[in-house]
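# Structural features, examined
Here's the letter readout for the chains.
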Amino acid sequence: MRKAAAVPLSLLGAGLAGLAYASVIERNAFRLRRFDVPVLEPGQRPVRILQLSDLHLTPGRRLLINWVRSLGDLKPDLVVNTGDSIAHPEAVPALLHALEPLLSRPGLFVYGSNDLYAPTPKNPARYLWRTSKGDTRQHTPSLPWQELGAGMTAAGWLDMNNTTARIKVGDLDVAVGGIHDSHIDRDRYDLIAGPAPADADLRLGVMHSPEPRNMTLFAADGYQLLLAGHTHGGQLCIPFYGALVTNCGIDRARVKGLSRHDSAYLHVSAGLGTSPYAPVRFACFPEASLLTLVPRRRGEGQGDTSTHEVR
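No experiment lies behind these values; they were computed from the predicted model shown.

## Points about the pattern of salt bridges
Oppositely charged side chains can pair when the atoms bearing their charge come close. Counting across every chain of the model gives 9 salt bridges. Among the ionic pairs, arginine 213 bridges to aspartate 187, the shortest N-O distance being 3.0 Å. One end of the pair, arginine 213, is in helix H5 (residues 212-220); the other, aspartate 187, is in the loop between strand S7 (172-178) and strand S8 (202-206), and 26 residues separate them in sequence. Judged by its relative accessible area of 11%, aspartate 187 falls in the buried class.

Okay, here's the thing in C-alpha cells:
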C-alpha cells in the first residue's frame, strides 16, 4: 500500500504560527477606525457616533472588556450597538461592565441572533458555500437577551428592534428606524415602513445583518445613514484580496467599512469578537468605528467618503 506523503515540517510550522497569530495576536489587536460621513446640511455642527458590534462576549475576555471601557474617553454624541453582544449565559454583567463608561451617553441597540441563541460547534468551512442563516436548531432562546436589553434600557439606551424613535444627538433631531435580525427571520420592516420624518436633521437606519433587501427599503424611505454589523469583515481574509465570504446577502466589496447603498450611506462594522468556537481573525482586525457626521459642502449632494484609521 502506498504511504501518504508527509507534511513538510516547514509547512506545518508555518500553519501553526499562522494559527497562533490569528487566535492570540490579531484577535486581541483591537482598533478604532474613524470615518467622516457628509450627511448633514451646511452649517450644522458635526456629531460623532460610536458604533460597536459583534462582541460575542464571554466573561473571561478581559482584554476586550477593558478596551471597550477605554472608549468612554471618546465621549461620543451617540453610541449604536448593532448586536451579537454576548456568547455566554453569564456574559451580561461583563458586557454592562464593559459598556459602563458609555452608558451615560445617548445610545440605542438592536439584537443579533447570537444575543438569543448560544453558539454551538460548527464546521467553519461551510461558510465558503453557504451562509449560517437557519443554522440554529434551537426553538427557544437560550441566552438572557431580555436581561441584556433591560440592562441597556435601564441606562436610557433605546431598544430599536422593529420600531422607530426620535432622539436628540448633539444639536441634531435624529429620526431612527431599527429592525431585529434578518438572519433568524425576526426582522419586521413592515412595522416601521413609510417615509422617514422629513423634518428630522438626520434619518438613521439600524440593523444587525446588512441584507440588501432591507437596506433598499431603508433608502427608499429616506434614511440617510445605515449601520450594520454581522459580517465580522469576513473574519478570515486574504491580504490584497479581502474577504472570502460575507455570511449574508451583501457583496464582498462592502463587507466592512463605509460605502453607499442607493441614496444612503452604509457603514458595516467588522466587529470586535468572534464565536467562542472559531476564535481567530486573519487580515481582519477587530474594530469599533467612530463616525463623524459632517456637513455637505454647499451646492453639492452627498459625495465621496473619507476615512482614516487609528491603530
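What follows picks up the thread again.
## So, the nonpolar core
Leu50, Leu52, Val68, Leu71 and Leu272 are the most contacted members of the largest nonpolar core, which totals 34 residues. Elements represented by at least two residues in this core include exactly strand S2 (47-52), helix H2 (62-70), helix H3 (92-99), helix H4 (145-154) and strand S14 (287-295). By residue number, the principal contributor to this core is H3, which donates 5 residues. Every residue in contact with leucine 52, bar those within four places of it in the chain, is listed here: Val68, Leu71, Val79, Val80, Asn81, Thr82, Leu99, Leu102, Leu272 and Ala288.

## Overview of the environment of lysine 256
Position of lysine 256 relative to the elements: it lies in the loop between strand S11 (242-243) and strand S12 (257-261). Residue class for lysine 256 comes out partly exposed when judged on its relative accessible area of 30%. C-alpha separation for the pair lysine 256 and histidine 267, spaced 11 residues apart in sequence, amounts to 7.0 Å. Apart from residues lying up to four places away in sequence, lysine 256 is in contact with Arg33, Gly233, Val268, Ala270, Cys284 and Glu287.

## Details of the packing of H3 against H4
In contact at an axis separation of 10 Å, H3 and H4 are set at 25 degrees when each is read in the N-to-C sense. The orientation of H3 relative to H4 falls into the category roughly parallel. Relative to H4, the crossing made by H3 is right-handed. Residues Val92, Pro93, Leu95, Leu96 and Leu99 of H3 touch H4, and the partners they reach there are Glu147, Leu148, Gly151 and Met152.

## Some points on the side chain of serine 269
With respect to the helices and strands, serine 269 occurs in the loop between strand S13 (264-268) and S14. A relative accessible area of 0% places serine 269 in the buried class. At 3.0 Å, the side chain of serine 269 forms a polar contact with the backbone nitrogen of glycine 271. With sequence-adjacent residues up to four places away left out, serine 269 is seen in contact with Gln51, Ser53, Ala228, Gly229, Thr231 and Glu287.

## Looking at H2
When H2 is considered as a whole, its buried residues turn out to be Leu64, Ile65, Trp67 and Val68. One side of H2 carries all its buried residues, which in axial view fall inside an arc of 165 degrees. Exposed side chains of H2 directed beyond 90 degrees from the buried face belong to Arg62 and Leu63. Tucked inside the fold, the buried residues of H2 contact strand S1 (31-40), S2, H3 and S14.

## What to know about the sheet that holds S7
With mixed pairing, the 6 strands of this open sheet are ordered in space as S6-S7-S8-S9-S13-S12. Single-partner strands in this sheet number two, and they are strand S6 (163-169) and S12. For this sheet the average axis-to-axis angle between neighbouring strands, irrespective of direction, equals 25 degrees. Of the strand pairs in this sheet, S7 and S8 are connected by 5 bridges, and their pairing is parallel. Bridged to glycine 177 within S8 is glycine 205. Contacting S7, S8, strand S9 (225-228), S12 and S13, H5 runs over the sheet at an angle of about 70 degrees to S12.

## Some remarks on the pairing of S1
The buried count for S1 comes to 8 of 10 residues, which makes it a mostly enclosed element. Pairing of S1 with S14, which is carried by 9 bridges, proceeds in the parallel orientation. Paired with proline 38 across the two strands is valine 294, which belongs to S14.

Criteria and cut-off values
- Residues numbered from 1 in each chain as written.
- Predicted model: local features only at pLDDT ≥ 70, side-chain atom pairs only at ≥ 80, totals over all residues.
- Heavy atoms only, no water.
- Salt bridge = Lys/Arg side-chain N within 4 Å of Asp/Glu carboxyl O.
- Helix = DSSP H or I, 4+ residues; strand = E, 2+ residues; numbered from the N terminus.
- Buried < 20%, exposed > 50% of the residue type's maximum accessible area, 1.4 Å probe, protein only.
- Core = buried A, V, L, I, M, F, W, Y, C linked by side-chain atoms within 4.5 Å.
- Contact = heavy atoms within 4.5 Å.
- Axes fitted to C-alpha atoms, helices over the stretch in contact; angles between N-to-C directions.
- Parallel < 35°, antiparallel > 145°, perpendicular 65-115°, else oblique.
- Left-handed = near helix turned anticlockwise from the far one by under 90°.
- Polar contact = N/O pair within 3.5 Å; in protein donor to acceptor, adjacent residues only side chain to side chain.
- Arc of directions from axis to C-beta.
- Pairing = 2+ DSSP bridges.

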